[in-house]
Amino acid sequence: MIKWRKSSYTGSGNDDACVEVADLGGRIGVRDSKAPGGPRLGFSADDFGGLLARIRRGELNLDQRVS
C-alpha cells in the first residue's frame, strides 16, 4: 500500500493548493490532494530534489493556478 503524505508547505484550513508525496520504491510520486484518484507525477529522487531546489531558489512561478 502506498502511503501518501501532505507536503510540508501545505497550509492549514481550507487551502486548496495541496499536494501529496509518496515513496514509490525508487521514484517519488506527487498527486493533488483534492483528486487522489486522478493523475500522478513520478520523479526520480534526483529529479525531485532538483525540482525542490528550483522551488526554494524561487526559479519557478508558483503563483499561477491551473484550472
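Residues numbered from 1 in each chain as written. Predicted model: local features only at pLDDT ≥ 70, side-chain atom pairs only at ≥ 80, totals over all residues. Heavy atoms only, no water.

S.K.: How would you explain the nonpolar core if you had to name every residue and give the values?
M.R.: Core analysis: the largest hydrophobic core is formed by 5 residues, namely V21, I28, V30, F43 and F48. For V21, the residues in contact, after removing those within four places along its chain, are K3, W4, R5, G29, V30 and F48. (Core = buried A, V, L, I, M, F, W, Y, C linked by side-chain atoms within 4.5 Å. Buried < 20%, exposed > 50% of the residue type's maximum accessible area, 1.4 Å probe, protein only. Contact = heavy atoms within 4.5 Å.)

S.K.: Go over the pairing of strand 3 (residues 27-32), please, and point to the residues and values.
M.R.: Bridge analysis of strand 2 (residues 19-23) against strand 3 gives 5 bridges, and the strand direction is antiparallel. Across the sheet, V21 pairs through a bridge with V30, a residue of strand 3. Counted along the chain from strand 2 to the antiparallel partner strand 3, the turn is 3 residues long, and its residue G25 has a positive phi close to 70 degrees. Where strand 3 meets strand 4 (residues 40-44), 5 bridges bridge the pair, whose relative direction is antiparallel. Along strand 4, the bridge assignment pairs R27 with S44. (Pairing = 2+ DSSP bridges. Helix = DSSP H or I, 4+ residues; strand = E, 2+ residues; numbered from the N terminus.)

S.K.: Could you give an account of the pattern of salt bridges, naming the residues involved and the relevant values?
M.R.: Summed over all chains, the structure comprises 4 salt bridges. E59 is the partner of R54 in a salt bridge, and the nearest nitrogen-oxygen pair spans 3.1 Å. In this structure, R57 and E59 form a salt bridge, with 2.6 Å as the shortest nitrogen-oxygen distance. The network of salt bridges with common partners includes R54, R57 and E59. (Salt bridge = Lys/Arg side-chain N within 4 Å of Asp/Glu carboxyl O.)

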